Amino acid sequence: MTAAVGVVFQGLGMSGGMTNETRDWAAFDRDWYGARYGEILRRLGVDDPAAYHGFYKDHGVALRHSPNPYFDEAWYLSRYPAVARAVEDGKFCSGFDHYCRAGLATHNPHWLYNENFYRARLRAATASGATSADADGFRNGYDHYLRVGDAQFLSGSWFFDPMAYLAGAGVAQRGSTPYDQALRTAPVPGASQHRLSWYFDPEWYLQTYPDVKAALLAGEWRSALHHYQTNDNPGQYNPNPFFSEEFYSRVNHDVVDAVEDGRFRNFYEHFLIFGMHELRRPCADIDLEVYYRNAHVQHEVERGDYHDAFAHFIAHARKPGAEVSFLKDSEPLAKKIHLDMCRIRLPLLLGGEIDFSCDSPDLSVIMVVHNLFAMTLNALASLRANYNGPLQVIVVDSGSTDSIRQIERHVRGLDVVRFPANVGFLLGANAGLEKVRAAFTLYLNNDTELMPGAIGHALARLRNACTTGAVGAKLVRTNGLLQEAGSIIWRDGSVQGYLRDQSPDTPEANFVRSVDYCSGAFLMVRTAPLRQLGGFDPAYAPAYFEETDLCVRLREAGWDVVYDPAVVVLHYEYGTSSFVSGASMIARNNALFRSRHADYLRNKAFANTLLLAQARSADRRQKHVLFIEDRLPYRFLGSGFPRANDIVHALAALGHHVTLYPVFRPTEGREDMHGHFPDTVEVIWDRELPELEEFIKSRPGYYDAVWIARTHNADRVAPVLVSCAQALAGSQLVVDTEAVAAPRTHMHRVLKGEGGENTVADMLEQEFRHLFMAEKIIAVNEKEASIIRAHGFGNVSVLGHMQAPAATSPGWEERRDLLFVGAVHDPHAPNLDSLLWFAEHVLPLLDASLPPDVRFTICGYLDRRVDLSGLVAHPRVSLLGRVEDIGPVYARHRVFVAPTRFAAGIPYKLHEAAAHGLPCVASALLCEQMGWRAGQDMLCASVADPQAFADAITHLYTGQELWEHIRSNALARIARENGPDLYRETIAAILGFS
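## A few points about the overall build of the chain
Moving on, step 1. Looking only at helices and strands, the chain features 44 helices and 27 strands.
Moving on, step 2. Overall, the chain is about 105 × 85 × 55 Å in size when its C-alpha atoms are taken along their principal axes.
Moving on, step 3. Split into buried and exposed, the 994 residues of the chain put 56% on the buried side.
Moving on, step 4. The distance from the centre of the 95 positive side-chain charges to the centre of the 118 negative ones in the chain is 4 Å.

Dropping the structure here:
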């Protein structure tokens, strides 16, 4: 042994003994060594355990023995050929010697552990309180894993899941941890092979490679996984039926050299480290990229249920929507559970605690019941819990034979109408209508449960829209899938619940729209027109098509019927009738409906799945706009997204149906969508650019206009538009440039002292190369419009920002501090450049003119990947980050600062600040872009003169008269140039819909 190796052994504690509690990869484990190499030790007469350590140093190293269970010498030399050559050349006496002296951070010591994998997992775990691998006392990630991570049931590689191991091992050994136990447990030849992770399938492996199974039975290998990870021909074996070494090597030429020179043991190792995160195909018939686009898959991976899309794929047997099939198949069980829960709740609902007594009800509820006492009480309890206001509840007992006959004993304040026999829903409902006292009437089945806010949302919809005659619900069956999201009437008189069997979360089910009709399981109607129409038409008695007919008659009388996804109702479905026995009645009433409403049906679509989008809305006059943007335009994102958000709101306010489609799938949570967009907007949050072509083709002839936000998105979607030309025939294409980027890019290069092969003219030519497609082009200001026109485009309109002056705003004395509002998405963002310049060059100059307690607040979205240390260190800076309501932030600051050095378009934040009564000091560049008067509407200074910028801030901050003058002028401009009415008029003129 070389002296160097001896030093390593001494420094790393190779003392000749180790206990389970130590779990040290650098220590010699005498007991384990004796058990592992007992046969050769006995043959050579080494019987004294005290001599094992010496034998290892003198002979075991050369025999490629491992010093402990945590390091596999033979595998290490096989896995790292360069290390094996270095050992042969005498640079290291063994692979273990290399690992101790040079490989701690870069090499893996065992085939069941991967340093990079563990560190990545540990970063997530440390957020929950686990100890960092970089903390004092840990030599590398493996050290941390053995001493801490293994006991916390963390995984050290793709191939070892501690919970899967313990499930297969049957029992955890006392004082041991999963990984430690796995390495120390002697294999049992012929024992069943259980799966330790999603990434390796031992059962499939042994069936596919019978020679390995025979060798395993002979005791040559510890397990199927041991063979796969340590055999001498790693490229000849596949780990599971979903990965092919041959295919991956054939289609990924960039990886071949890396595998051949030993950087990767085989192609599967490259796939695990890089390929599956790059969504490369693991074999010919698996498109991982397409699979990962599934919203459910992405949600479960991001939530941490699965490490990646490949693991999810294997776990779900190739079916990302398998849970939907399961839910459909499980409906009988779900219904049984629902009935059981009704029975379990029943004793808790007896005794008269449910009380509907009232004098002036907000709503009258008609519930027709025939038996099902437990279910009925469950529905009434749900109704009472859902709405605290006064309710009149009319229970029509249609010949019940169970405890419904004494329901007044258990529910107070009911109006009960009784029939001696079952008269059916229609006649019972009409009898109940005679007792209605409220301005609104709700037909509610007794096999329903109301989700939070259902009654309140429906009432608000009717109260806030005087033309709405009826409101229907999103009906969810007991298995969690949709019964309907509004219903469709086809030209032949047939009907269809929209999106049946889909997830209630699907975007298409979650926007408000006018519909043909909604189910009578939950249908809230204005009482006055309901009585004028005589309730349900008795011709449809006893049931079927009665609510369809009623909604059509409401529509023919000039009332709207609205589907509201905020009204969510769990429906047992067919809990009160026999669907099969009603087949003949359905046929009869369908014929009656067709004859009664022939004129209405002539304007309906033919029953065709490609016409679902058209048919789902009953408003034939409404125009449809497909709005394409980089991301869902949340206001907190800044960077032009607030303007896009305003445009979407304006389009919806004009009465158009807007489909909002992002180029990149949102990374924000679903909760971020709440309140950011009008409830009539269809927000496609679960798809992105690769699905856009299929999306458009599924809606042929649907869109009257396609509005593309940002010029670079015109480049991205150009091939899609060509492919979808037939589906978009008759649609006008609008490209909203949002900002002309070339001048901004040029300014940035000048600031950085960089040259460039392309001139600004060249860059503009490239930027505008796809504008020829557009019927309408939009610029954000007249300056940029003139640039576009100069390149030969005459169809250019100007659309700036929408703002309304705040009704009230604090005065000069009530405000303090400086404010900057803007998003920082990446290290090259103009906002970050301006903030760093301001903090370094201007803030220090303010120390002489402003009190030391005056703060500089930075408000807005801040990407966590951007280094903000240069700002945080400054004593005046306060990082506020993203806020939900920007109004109070504007209201408490005295001066807005916008030191932008390169930009395009118009800074939204300046209009927003002015609208909130906050005067601004900005760079001369922004003043020019705004077209405002320096010294009158805002103060301006050159970013080449930090002192001038600081002086302007001081004058505005300390001079009340100047401050009030600037604020008054800016508010006047906002009212004159940016009002919502003018904004909507401009958009209407651009689209030119007749």
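Structure's up, so let's keep going.
## Observations regarding the sheet that holds strand 20 (residues 776–779)
Moving on, step 1. Reading across the sheet, the seven strands line up as 17-16-15-18-19-20-21 and stay open at both edges, with parallel pairing between neighbours. Only two strands of the sheet have a single neighbouring strand rather than two, namely strand 17 (682–683) and strand 21 (796–798).
Moving on, step 2. As judged from the three bridges shared by strand 19 (residues 732–736) and strand 20, these two strands associate in the parallel manner. The residue of strand 20 that forms the bridge with Val-735 is Ile-777.
Moving on, step 3. Across the sheet, helix 32 (residues 689–697) lies against strand 15 (624–629) and strand 16 (657–662), angled at about 145 degrees from strand 16, the strand it touches most.

## Comments concerning the confidence of the model for the chain
Moving on, step 1. With 93% of its residues at a pLDDT of 70 or more, the chain shows a mean pLDDT of 89.
Moving on, step 2. In the model, residues 1–21 has pLDDT below 50 throughout and makes 43 contacts with residues more than four positions away in sequence or in other chains.

## As for the packing of helix 40 (residues 908–915) against helix 43 (residues 960–977)
Moving on, step 1. Their axes nearest at 8 Å, the elements helix 40 and helix 43 cross at an angle of 110 degrees. Here helix 43 runs roughly perpendicular to helix 40, going by the angle between their axes. Residues His-911, Ala-914 and Ala-915 of helix 40 form the contact with helix 43, whose own contacting residues are Ala-970, Leu-971 and Ile-974.
Moving on, step 2. In terms of residue class, the contact of helix 40 with helix 43 is built from five nonpolar, one polar and no charged.

## Details of the pattern of salt bridges
Moving on, step 1. In the structure shown here, the tally under the stated rule is 60 salt bridges.
Moving on, step 2. Residue Asp-833 pairs with Arg-901 through a salt bridge whose shortest N-O separation is 2.7 Å. Of the two residues, Asp-833 sits in helix 37 (residues 830–842) while Arg-901 sits in the loop between strand 25 (895–898) and helix 40, which places them 68 residues apart along the sequence.
Moving on, step 3. Residue Asp-833 is classed as buried on the basis of its relative accessible area, which comes to 18%.
Moving on, step 4. By sharing partners, the salt bridges in this structure join Glu-508, Arg-616, Glu-682, Asp-686, Arg-687 and Arg-699 into a single network.

## Things to note about the side chain of Asn-589
Moving on, step 1. Within the element layout of this structure, Asn-589 appears in helix 28 (residues 583–596).
Moving on, step 2. Not counting residues within four places of it along the chain, the set of residues in contact with Asn-589 comprises Ala-539, Tyr-540, Ala-543, Tyr-544 and Phe-545.

## Side note on helix 44 (residues 980–991)
Moving on, step 1. For helix 44, built from twelve residues, the straight-helix expectation of 16 Å at 1.5 Å per residue is met to within 8% by its first-to-last C-alpha distance of 17 Å.
Moving on, step 2. Turning to helix 44, its buried residues are Tyr-983, Ile-987, Ile-990 and Leu-991. End-on, the buried residues of helix 44 take up no more than an arc of 95 degrees, which puts them together on one face. In helix 44, those exposed residues whose orientation departs by more than 90 degrees from the buried face are Asp-981, Glu-985 and Ala-989.
Moving on, step 3. Packing partners of the buried residues in helix 44 comprise helix 31 (641–653), strand 18 (705–709), strand 19, strand 20 and strand 21.
Moving on, step 4. Of the residues flanking the end of helix 44, it is Gly-992, one or two places downstream, whose phi is positive at about 65 degrees.

## Some points on helix 43
Turn by turn, an α-helix covers 3.6 residues, leaving residues three or four places apart pointing in a common direction.
Moving on, step 1. Compared with the 26 Å implied by 1.5 Å per residue over 18 residues, the 26 Å span of helix 43 between its first and last C-alpha is a close match.
Moving on, step 2. For helix 43, every residue scored as buried is listed here: Trp-963, Ile-966, Arg-967, Asn-969, Ala-970, Arg-973 and Ile-974. Looking down the long axis of helix 43, one finds its buried residues gathered within 170 degrees of arc, a one-sided arrangement. Opposite the packed face of helix 43, turned more than 90 degrees from it, sit the exposed residues Glu-961 and Arg-976.
Moving on, step 3. Each element contacted by the buried residues of helix 43 is listed here: helix 40, strand 27 (939–941) and helix 42 (946–958).

## Regarding the packing of helix 31 against helix 44
Moving on, step 1. Relative orientation of the contacting elements helix 31 and helix 44 amounts to 75 degrees, with a least axis distance of 10 Å. Comparing their axes, helix 44 and helix 31 come out roughly perpendicular. Contacts from Arg-643, Asp-646, Ile-647, Ala-650, Leu-651 and Ala-653 in helix 31 reach Tyr-983, Arg-984, Ile-987 and Leu-991 in helix 44.
Moving on, step 2. Class assignment of the residues belonging to the contact of helix 31 with helix 44 gives a composition of seven nonpolar, no polar and three charged.

## Side note on the side chain of Thr-376
Moving on, step 1. Tracing the backbone through its elements, the reader meets Thr-376 in helix 23 (residues 373–386).
Moving on, step 2. The buried category is assigned to Thr-376, whose relative accessible area is 0%.

## What to know about a nonpolar patch on the surface
Moving on, step 1. Nonpolar side chains collect at one region of the surface, where Leu-333, Ile-337, Met-341 and Ile-344 lie side by side and expose about 380 Å² of accessible area between them.
Moving on, step 2. Among the structural elements, Met-341 can be located in helix 22 (residues 331–349).
Moving on, step 3. Met-341 gets classed as partly exposed once you look at its relative accessible area, which sits at 34%.

## Quick notes on the nonpolar core
Moving on, step 1. One finds Phe-159 and Tyr-179 to be the most contacted residues of the largest nonpolar core, which totals 82 residues.
Moving on, step 2. In terms of residue count, helix 20 (residues 309–315) provides more of this core than any other element does, five residues in total.
Moving on, step 3. If we ignore the near neighbours within four places in the chain, the residues touching Tyr-179 are Tyr-70, His-110, Leu-112, Tyr-113, Tyr-142, Tyr-145, Leu-146, Asp-150 and Phe-160.

## So, the packing of aromatic side chains
Moving on, step 1. For the structure shown, the criterion picks out 57 aromatic pairs.
Moving on, step 2. Between the aromatic rings of Phe-28 and Tyr-33, the centroid separation amounts to 5.1 Å while the plane-to-plane angle is 50 degrees, which identifies the pairing as tilted. Neither residue differs from the other here; Phe-28 and Tyr-33 are each classed as buried.
Moving on, step 3. Between Phe-71 and Tyr-99, the aromatic rings sit 5.6 Å apart at their centres with planes inclined by 40 degrees, giving tilted as the arrangement. Residue Phe-71 is located in the loop between helix 4 (52–60) and helix 5 (73–79), and its partner Tyr-99 is located in helix 7 (residues 95–101); the two are separated by 28 residues in the primary sequence. Exposure class is identical for Phe-71 and Tyr-99. Each is buried.
Moving on, step 4. Positioned over the ring face of Phe-636 is Arg-882, at 3.5 Å from the centre of the ring.
Moving on, step 5. Here the basic side chain of Arg-894 rests over the ring of Trp-812, its NZ or CZ set 4.0 Å away from the ring centre.

## Focus: the environment of Glu-629
Moving on, step 1. Its location among the elements puts Glu-629 in strand 15.
Moving on, step 2. As for Glu-629 and Ser-157, which are separated by 472 residues in sequence, their C-alpha atoms are 39 Å apart.
Moving on, step 3. Every residue in contact with Glu-629, bar those within four places of it in the chain, is listed here: Phe-641, Ala-644, Tyr-661, Pro-662, Val-663, Ala-709, Arg-710 and Asn-713.
Moving on, step 4. Engagement of the side chain of Glu-629 in a polar contact is seen with the side chain of Arg-710, the distance being 2.8 Å.

Parameters at a glance
Residues numbered from 1 in each chain as written. Predicted model: local features only at pLDDT ≥ 70, side-chain atom pairs only at ≥ 80, totals over all residues. Heavy atoms only, no water. Helix = DSSP H or I, 4+ residues; strand = E, 2+ residues; numbered from the N terminus. Buried < 20%, exposed > 50% of the residue type's maximum accessible area, 1.4 Å probe, protein only. Lys, Arg positive; Asp, Glu negative; His and termini not counted. Charge placed at Lys NZ, Arg CZ, Asp CG, Glu CD. Pairing = 2+ DSSP bridges. Contact = heavy atoms within 4.5 Å. Axes fitted to C-alpha atoms, helices over the stretch in contact; angles between N-to-C directions. pLDDT = per-residue confidence, 0-100. Parallel < 35°, antiparallel > 145°, perpendicular 65-115°, else oblique. Nonpolar A, V, L, I, M, F, W, Y, C, P; charged D, E, K, R; others polar. Salt bridge = Lys/Arg side-chain N within 4 Å of Asp/Glu carboxyl O. Expected span 1.5 Å × (residues − 1). Arc of directions from axis to C-beta. Patch = residues over 30% accessible without salt bridge, like charges linked within 9 Å, V, L, I, M, F, W, Y side chains within 5 Å. Areas by Shrake-Rupley, 256 points an atom, 1.4 Å probe, with all protein chains shown as cover. Core = buried A, V, L, I, M, F, W, Y, C linked by side-chain atoms within 4.5 Å. Phe/Tyr/Trp six-rings, centres within 6.5 Å; stacked < 30°, edge-to-face > 60°. Lys NZ or Arg CZ within 6 Å of the ring centre and 35° of its normal. Polar contact = N/O pair within 3.5 Å; in protein donor to acceptor, adjacent residues only side chain to side chain.

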